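# Structural description and commentary
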Amino acid sequence: MLLELLNLALSRCQTMPEVPLTPDAGPPILPAFPFLGNYIPPTFKHGLQVWWALFWPTALISAILAATTEFGLLRVVYEHRNSTPSATP
């Protein structure tokens, strides 16, 4: 009985048509860039993956290069601390 009432109610429901019936409706509006239709916005996890893959190795290599350059310059300054400047005529 309940199933029959449900079927009767569903059969009387009018569904909205997929295509507009008005002649001046025009073509359906498409996105400006069709390839963005399946775009998935990045998440925090994606940001961490990018950081892990790109940022920290670059930062580590930069820190090592900066430290070795600084120590190399300090060594040069230390070695030449007692040298006297040459007299220019």
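First things first, this report covers the structure right here in the doc.

The rules behind these values
Residues take numbers from 1 onward in each chain, read along the sequence in its written order. The model is predicted, so local features are restricted to residues of pLDDT at least 70 and side-chain atom pairs to those at 80 or more, both for listing and for counting; the totals for chains, interfaces and linings are taken over all residues. Values shown for side chains rest on all heavy atoms present in the structure; no hydrogens or waters enter the calculation. Note on conventions: DSSP H or I runs of at least 4 residues are helices, E runs of at least 2 residues are strands, and numbering of each starts at the N terminus. For every residue, the accessible area (1.4 Å probe, protein chains only) is compared with the maximum for its type, and the residue is labelled buried under 20%, exposed over 50%, or partly exposed between those bounds. The protein chains shown are the only cover counted for residues, whose accessible areas, like all others here, come from Shrake-Rupley with a 1.4 Å probe. One less than the residue count of a helix, multiplied by 1.5 Å, gives the span that helix is expected to have. What we call the bend at a residue is the angle made by axes fitted to the seven residues finishing there and the seven residues starting there. Each pair of aromatic rings taken from Phe, Tyr and Trp, with Trp reduced to its six-membered ring, is defined by centres within 6.5 Å and is described as stacked if the planes are under 30 degrees apart, edge-to-face if over 60, and tilted in the remaining cases. Surface patches are defined over residues having more than 30% relative accessible area and no salt bridge, joining like charges when they lie within 9 Å and nonpolar side chains (Val, Leu, Ile, Met, Phe, Trp, Tyr) when within 5 Å. Basic side-chain nitrogens of Lys or Arg form a salt bridge, by our definition, when they fall within 4 Å of a carboxyl oxygen of Asp or Glu.

### As for the overall build of the chain
Regarding its fold elements, the chain presents 2 helices and 0 strands. Considering the chain as a whole, with its 89 residues, one finds that 0% of them fall into the buried category. Looking at the chain as shown, the accessible area adds up to about 9,300 Å², and 71% of this sits on carbon and sulfur atoms.

### With respect to helix 2 (residues 44–79)
Across its 36 residues, helix 2 extends 50 Å between first and last C-alpha, which sits within 8% of the 52 Å expected from 1.5 Å per residue. Along its length, helix 2 shows its largest kink, about 45 degrees, at tryptophan 51.

### Section: the packing of aromatic side chains
Evaluated as defined, the whole model comprises 3 aromatic pairs. Measuring from ring centre to ring centre gives 6.3 Å for tryptophan 51 and phenylalanine 55, while their planes differ by 35 degrees; the resulting arrangement is tilted. Of this pair, tryptophan 51 and phenylalanine 55 both sit in helix 2, 4 residues apart, roughly one helical turn. Note on tryptophan 51: relative accessible area 40%, which makes it partly exposed. Among the aromatic residues, those joined into a ring-pair cluster are Trp51, Trp52, Phe55 and Trp56.

### Section: a nonpolar patch on the surface
Together, Trp51, Trp52, Phe55, Trp56, Leu60 and Ile64 give the surface a local cluster of nonpolar side chains, amounting to about 680 Å² of exposed area. By the element assignment, tryptophan 56 lies in helix 2. Residue tryptophan 56 is classed as partly exposed on the basis of its relative accessible area of 32%.

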